[in-house]
Amino acid sequence: IINLFDVVSLLDHLQLNHLENLPISECREQAGNINSDERVNIVDVVNLVRMIRDNDLPPRQSILSERVASVIKNTFSDKIIIASDSKIAGFQFKISTLANIDKYLHNISMPEGWTIRFSSIDNEYSLFAYAALSNSSVKEINLNIPNHLALDISDIVIASEEGFEIKAVINKDS
């Protein structure tokens, strides 16, 4: 039986993988690789949620969707914006900061039906967010994180509502 506890376990696995430089067991890695693309990431979380929520089998393809999403570090509005012409169902990225940003991350307003989790070591944050409810995928997500504290955004993975990875393009100074 696959249920919400499997989603929580997969997210824990992703967070531990980002926090520790220790190799994880091969069995755990294979169990979390829902779409068989040889990588465990937010795309697998989105596909697992779709399996539970919609009784929908994940696509078994390792291809990158032809769609593109922009990740914009907007210095004018103090936001990180993730935008795509297709609906986004999940994302993950790392952000290096000058100082602790926990209070900002705890207060991020996500779209209705979305869940966000993060972990950090020495001002290096890993963020994971996904649409938990049907019809809660969106084309744009605004994250209120002060730009003067954000040094770098990296390791971006964005998942479409169909369960594919969307190519991410970074625009740092918009």
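Residues numbered from 1 in each chain as written. Predicted model: local features only at pLDDT ≥ 70, side-chain atom pairs only at ≥ 80, totals over all residues. Heavy atoms only, no water.

This part is about unusual backbone geometry. Excluding glycine, residues mostly have negative phi values, and the peptide bonds linking residues are mostly trans. If you check the backbone angles, Asp 122 has positive phi at about 50° while not being a glycine. The topology assignment puts Asp 122 in the loop between β3 (114-121) and β4 (124-131). Relative accessible area serves as the criterion here: at 75%, Asp 122 is assigned to the exposed category. Even without a glycine there, the phi angle at Asn 135 is positive, about 60°. Within the fold, Asn 135 resides in the loop between β4 and β5 (138-143). (Helix = DSSP H or I, 4+ residues; strand = E, 2+ residues; numbered from the N terminus. Buried < 20%, exposed > 50% of the residue type's maximum accessible area, 1.4 Å probe, protein only.)

Taken as a whole and judged by the stated rule, the model has three aromatic pairs. On the numbers, 5.8 Å between centres and 15° between planes, the contact of Phe 91 with Phe 93 is stacked. Judged by its relative accessible area of 0%, Phe 91 is buried. Between Phe 118 and Tyr 125, the aromatic rings sit 6.1 Å apart at their centres with planes inclined by 45°, giving tilted as the arrangement. For Tyr 125, a relative accessible area of 1% translates into the label buried. Linked through ring pairs, Phe 91, Phe 93 and Trp 114 together constitute an aromatic cluster. (Phe/Tyr/Trp six-rings, centres within 6.5 Å; stacked < 30°, edge-to-face > 60°.)

This part takes up the nonpolar core. Side chains of a nonpolar character, in soluble globular proteins, are inclined to be buried together. By size, the foremost hydrophobic cluster in this structure holds 27 residues, and its most contacted members are Phe 91, Ile 95 and Leu 143. Looking at this core, the elements that each hand over two or more residues are β1 (64-74), β2 (79-97), β4, β5 and β6 (150-160). Those residues within four positions of Leu 143 in sequence are excluded, and the remaining contacts are Asp 78, Lys 79, Ile 80, Ile 82, Phe 91, Phe 93, Ile 108 and Met 110. Formed by 17 residues, the second largest nonpolar core is a distinct cluster that contains Val 45, Val 46, Val 49 and Tyr 130. (Core = buried A, V, L, I, M, F, W, Y, C linked by side-chain atoms within 4.5 Å. Contact = heavy atoms within 4.5 Å.)

This part is about the side chain of Gln 92. Its location among the elements puts Gln 92 in strand β2. We classify Gln 92 as buried; its relative accessible area is 5%. In terms of polar contacts, Gln 92 uses its side chain to reach the backbone amide nitrogen of Ile 42, at 2.7 Å. (Polar contact = N/O pair within 3.5 Å; in protein donor to acceptor, adjacent residues only side chain to side chain.)

Counting buried residues in β4 gives seven out of eight residues, a clear majority hidden from the surface. As paired strands, β3 and β4 are joined by eight bridges and run antiparallel to one another. Counterpart to Ile 121 in the pairing with β4 is Glu 124. Taken together, β3 and the strand that follows it, β4, pair antiparallel across an intervening segment of two residues, in which Asp 122 is found at a positive phi of about 50°. (Pairing = 2+ DSSP bridges.)

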